[in-house]
Amino acid sequence: MTQTGVPVRLRTGDPHAETGTASHGSPTMSPERIEDIVAFVHAADARSFTVAAERLGLSRSTVGKRITRLEARLGARLLHRTTRSVTLTDEGANFHGQCAEILEALEAAEAVVTARGIAPSGRLRIELPVSLGRLQVLPVLQRYMRLWPAVRLNVSFSDRYVDLVDEGIDVAVRVGSRVDSNLVTRKVAAHTLVTCAAPDYLARRGTPVTIEDLLDHDCLTFSHGGRPVEWRFRDHGARRTVAVGGPLTSNNAEGLRDLVVAGLGIGQLATFLISDELRDGRLVPILAGHASEGEPLSVVYPVRRLLPPKVTAFVELLVASWQPRPPWDL
């Protein structure tokens, strides 16, 4: 029994189930009622009928009709609708909590069966940082697609912080760790921030010997949220950040790398971005004694009792591909 007084039982096959009353007088759950609840939970989680419709493969009007039908059956308004958003009423919040738990339990039960020898399948939604994703995760996804052809991948690239639960993302790879009680965070690899320049630039301008020497050089910086990111160093065993300046800042790390390779300035870039350029000499590390470790690379996914096989398979393949030594290690 939910907090709203609506009993929730799965249909038993009784011919009276379609009307919601079994022969012994107790109510059952018809497929139509389950569909309405699923639509409601998705709309509440996404705060949007449109997003819920996309996740369920339905039209927006169908989602709206199912929720309206659910509200009429319960005799209670579950959602406040505006032209821009959807929010839960008090009754809706109580009902949503109970329904979400039941649906999660059903997913977990299904996952238990699927995990027993059935190959991963279904749609897997993945969120990736732009440069790390393109350069280092896509090769892993190529292997994943060959191993599990029944999985359909939906891959998004973004350097913004994405709310996985709100946006219906199954799993994400992130640079850095951010505490979130709704997510499981697993560190999968490390990387180093390398201050570097092209041989041509160093021949023209000389090689910095100290951190302070950078003030006399053209430093090309990465920007995040519209602000240049300070460079990080290890200085006498302590972490030190320095605000450097120069002729250019960019929010695209690969574009920044290309400009540094072209000899237009000094950059501080992650090894997962420039390992090939360092190996073949197109970039030369400087201030190596002050190199700092970057933020850990992590795989994150929503907290669940049991991960679906499609997520487990991706996480395991990523870990196997990046441990004990990632491909960008020098």
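This text goes with the structure placed above it.
Before going into details, it helps to say that this report is about the structure given with it.

So, how was this worked out
- Residues numbered from 1 in each chain as written.
- Predicted model: local features only at pLDDT ≥ 70, side-chain atom pairs only at ≥ 80, totals over all residues.
- Heavy atoms only, no water.
- Helix = DSSP H or I, 4+ residues; strand = E, 2+ residues; numbered from the N terminus.
- Buried < 20%, exposed > 50% of the residue type's maximum accessible area, 1.4 Å probe, protein only.
- Areas by Shrake-Rupley, 256 points an atom, 1.4 Å probe, with all protein chains shown as cover.
- Axes fitted to C-alpha atoms, helices over the stretch in contact; angles between N-to-C directions.
- Parallel < 35°, antiparallel > 145°, perpendicular 65-115°, else oblique.
- Contact = heavy atoms within 4.5 Å.
- Phe/Tyr/Trp six-rings, centres within 6.5 Å; stacked < 30°, edge-to-face > 60°.
- Pairing = 2+ DSSP bridges.
- Left-handed = near helix turned anticlockwise from the far one by under 90°.

**Concerning the overall build of the protein chain**
Phase 1 of the analysis: Per the secondary structure count, the protein chain includes 10 helices and 16 strands.
Phase 2 of the analysis: In the protein chain, which comprises 330 residues, the proportion classed as buried is 42%.
Phase 3 of the analysis: Total accessible area computed for the protein chain in this model is approximately 17,200 Å², and 51% of it derives from carbon and sulfur atoms.

**Digging into the environment of Pro324**
Phase 1 of the analysis: Within the secondary structure layout, Pro324 lies in the segment after helix H10 (309-322).
Phase 2 of the analysis: For Pro324, a relative accessible area of 86% translates into the label exposed.
Phase 3 of the analysis: With 136 residues separating them in the primary sequence, Pro324 and Val188 have C-alpha atoms 9.2 Å apart.

**With respect to the packing of helix H2 (residues 49-56) against helix H3 (residues 60-74)**
Helix-helix packing: each pair is described by the crossing angle between the helix axes and the interaxial distance.
Phase 1 of the analysis: It is at 8 Å that the axes of H2 and H3 come closest, and there the two elements cross at 105 degrees. It follows from the interaxial angle that H2 and H3 lie roughly perpendicular. Residue-level contacts link Phe49, Thr50, Ala52, Ala53 and Leu56 of H2 to Arg60, Val63, Gly64 and Ile67 of H3.

**Considerations on the packing of aromatic side chains**
The geometry of two aromatic rings is summed up by the distance between their centres and the angle between their planes.
Phase 1 of the analysis: In total, this model carries 4 aromatic pairs according to the counting rule given.
Phase 2 of the analysis: Aromatic side chains Phe272 and Trp328 sit 6.2 Å apart centroid to centroid with 75 degrees between the ring planes, which places their arrangement in the edge-to-face category. You can see Phe272 sitting in helix H9 (residues 271-279) and its partner Trp328 sitting in the segment after H10, a full 56 residues away along the chain.
Phase 3 of the analysis: Classification of Trp328 as buried rests on a relative accessible area of 0%.
Phase 4 of the analysis: Three or more aromatic residues link up through ring pairs in this structure, and these residues are Phe272, Trp322 and Trp328.

**Here we look at H9**
Phase 1 of the analysis: By the criterion of burial, H9 is predominantly enclosed, with 7 of the 9 residues buried.
Phase 2 of the analysis: Those residues of H9 not exposed but buried are Thr271, Phe272, Leu273, Ile274, Ser275, Glu277 and Leu278.
Phase 3 of the analysis: Looking one or two residues past H9, Gly281 carries a phi angle of roughly 85 degrees, positive in sign.

**Looking at the pairing of strand S13 (residues 266-270)**
Phase 1 of the analysis: For S13, the tally of buried residues reaches 5 of 5 residues, placing the bulk of the element in the interior.
Phase 2 of the analysis: Strand direction decides the pairing type here: strand S8 (residues 219-224) and S13, joined by 2 bridges, are parallel. Residue pairing in the sheet places Leu220 in a bridge with Gly267 of S13.

**Some remarks on the packing of helix H1 (residues 31-46) against H2**
Phase 1 of the analysis: Close contact between H1 and H2 brings their axes to 8 Å; oriented N to C, the two are set at 125 degrees. With respect to H2, the axis of H1 lies oblique. Where H1 crosses over H2, the handedness of that crossing is right-handed. Counted together, Val38, Ala39, His42, Ala43, Asp45 and Ala46 of H1 and Phe49, Val51, Ala52, Arg55 and Leu56 of H2 form the full contact between these two elements.

**Structural notes on the environment of Pro302**
Phase 1 of the analysis: Mapped onto the secondary structure, Pro302 falls in strand S16 (residues 297-302).
Phase 2 of the analysis: Its relative accessible area of 17% is what places Pro302 among the buried residues.
Phase 3 of the analysis: Among residues more than four places away in sequence, those in contact with Pro302 are Leu164, Val165, Ile169, Asp170, Asn182 and Leu183.

These figures come from the coordinates and say nothing about function on their own.
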